[in-house]
Amino acid sequence: MLKLYGFPISNYYNKVKVVLYEKGLSFEESESIPSQEEPLLQCSPLGKVPYLQTEHGYLAESQVICDYLDAAHPSPALFSADPWRQAKERELLTMLELHLELVVREVYTQAFFGGTVSEGTRSRTEKLLRRNIAAFKRLAKFAPYVAGDTFTMVDIAAAIHLPILGMATQAVYGEDFLQAAGIDWKAYAKLMAERESFQRMRAEQKAYQQAQKEKAAK
C-alpha cells in the first residue's frame, strides 16, 4: 500500500495526490510537517514534504514521486510518448515550478500568513516574476490544456500553482501578474475543476482547513 506523507495545505502534496487519483491508485495519508528531526530525515533527506512510502522504500521530491508513479503505473499516461512532446511538457513543468512557483514563494509570508517581506525581496520577486511569466506565456498553449490538446502532468502542476501565484501577487502587489500578462488562469482553473481528481483533492483540502480552524478555536 502506498502511503503519502504531508498535509493538504501544501501545493506539492496536493500535486502528488491528484496524480494518485488520476491513476486510480489506492493509498493512505499520514499528516507530516517539515522537520529536521532524524526520523523524518531518514525518509525525506531535506526534511520536506511530501514524501511517499512504497513497497521499495521512501521517495522524496514531488516530481520524482510523480515520475515514479507514472512509470510504475503507465495507464493513464501523464506524459506524451513522443520524446519531443514529452520534452516540451517537462520544459513547461520546469518553468512552472522553478521559475514561477519557487520565485513567488518568497512573498508567501506576506500574501497568506500575515507577515511582511522586505522591499528588496518584493522588488526582486516582482522583476523575476514579470520576466518569467512572459517566458511561460511563450511556451504555454492553453488549447485547452497548457501543453496543447491533451491533459498531461503539466496541467496537474499548473492548476495547483497558477491560482496561488495569481492570488499571491494580487495580495502583495495589488495586481494579479498572470491576468496582467494575459493569462486567464481563472478560466483554466474552472476547466480543471471539472476533473474528479481535482474535486476530491479540493474537498479534502477544505475539510482539513476546517478541522484546523476548529482545533485552533478550542
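Not measured: the values here are computed from a predicted model.

Draft legend 1. Expanded view of unusual backbone geometry. With omega at 5°, the peptide bond leading from Val49 into Pro50 counts as cis. If you trace the backbone, Pro50 turns up in the loop between helix H2 (38-41) and strand E3 (51-54). A cis amide bond, omega -5°, links Ser75 with the succeeding residue Pro76. For Glu61, which is not a glycine, the phi torsion comes out positive at approximately 75°. Positive phi, close to 50°, is recorded for Phe142, a residue that is not glycine.

Draft legend 2. Structural detail: the pairing of strand E2 (residues 27-31). Bridge count for strand E1 (residues 2-6) against E2 is five bridges, and the pairing is parallel. Its bridge partner lying in E2, Leu4 is registered against Glu29. Chirality of the crossover, the property in question, places the unit of E1, helix H1 (residues 11-23) and E2 among those that are right-handed.

Draft legend 3. Structural context of the UniProt feature "domain: GST N-terminal" (unreviewed entry) in the protein. Per the UniProt annotation, the sites labelled "domain: GST N-terminal" (unreviewed entry) are residues 1-77. End C-alpha atoms of residues 1-77 are separated by 21 Å, and the span's content is 36% helix alongside 23% strand.

Draft legend 4. Representation of helix H4 (residues 83-104) within the structure. Helix length check: H4 (22 residues) gives 30 Å between terminal C-alpha atoms against 32 Å at 1.5 Å per residue, within 8%. Turning to H4, its buried residues are Glu89, Leu92, Leu93, Met95, Leu96, Glu97, Leu100, Glu101, Val103 and Val104. Its buried side turned inward, H4 meets H1, helix H3 (62-72), helix H5 (108-112), helix H6 (119-139) and helix H7 (153-173). With a side-chain oxygen positioned 3.1 Å from the backbone nitrogen of Trp84, the residue opening H4 is Asp82.

Draft legend 5. Seen up close, the domain arrangement of the protein. Its domain assignment divides the protein into domain 1 (2-72) and domain 2 (83-212). In this structure, domain 1 and domain 2 have C-alpha centres spaced 20 Å apart. Of the residues lining the interface, 17 residues belong to domain 1; the matching set on domain 2 comes to 23 residues. Carbon and sulfur atoms supply 59% of the area buried between domain 1 and domain 2, which totals about 1700 Å² over both sides. There are four salt bridges connecting domain 1 and domain 2. Between Glu22 and Arg195 there is a salt bridge; the shortest N-O distance is 2.9 Å. Counting every contact that joins domain 1 to domain 2 gives 12 residue pairs in polar contact (both at pLDDT 80 or more). Secondary structure elements with two or more residues in the side of domain 1 that touches domain 2: H1, E2 and H3. Broken down by element, the residue count for the side of domain 1 that touches domain 2 peaks at nine residues, all from H1. Residue composition of the side of domain 1 that touches domain 2, grouped by class: eight nonpolar, three polar and six charged.

Draft legend 6. Region of the structure containing the pairing of E3. Summarising the sheet, E1 and E3 pair through three bridges and their orientation is antiparallel. Following the sheet pairing, Leu4 is matched in E3 by Leu52. Sheet analysis places E3 next to strand E4 (residues 57-60), joined by four bridges and oriented antiparallel. Among the inter-strand pairings, Leu52 is bridged to a residue of E4, identified as Leu59. In this antiparallel pair of consecutive strands, E3 and E4, the connection spans two residues.

What counts and how
Residues numbered from 1 in each chain as written. Predicted model: local features only at pLDDT ≥ 70, side-chain atom pairs only at ≥ 80, totals over all residues. Heavy atoms only, no water. Helix = DSSP H or I, 4+ residues; strand = E, 2+ residues; numbered from the N terminus. Pairing = 2+ DSSP bridges. Right-handed = clockwise from strand over helix to strand, strands pointing away. UniProt positions renumbered as here; feature names shortened; annotations may be inferred. Expected span 1.5 Å × (residues − 1). Buried < 20%, exposed > 50% of the residue type's maximum accessible area, 1.4 Å probe, protein only. Contact = heavy atoms within 4.5 Å. Polar contact = N/O pair within 3.5 Å; in protein donor to acceptor, adjacent residues only side chain to side chain. Domains from an automatic or database assignment. Buried area = accessible area lost by both parts, 1.4 Å probe. Salt bridge = Lys/Arg side-chain N within 4 Å of Asp/Glu carboxyl O. Nonpolar A, V, L, I, M, F, W, Y, C, P; charged D, E, K, R; others polar.

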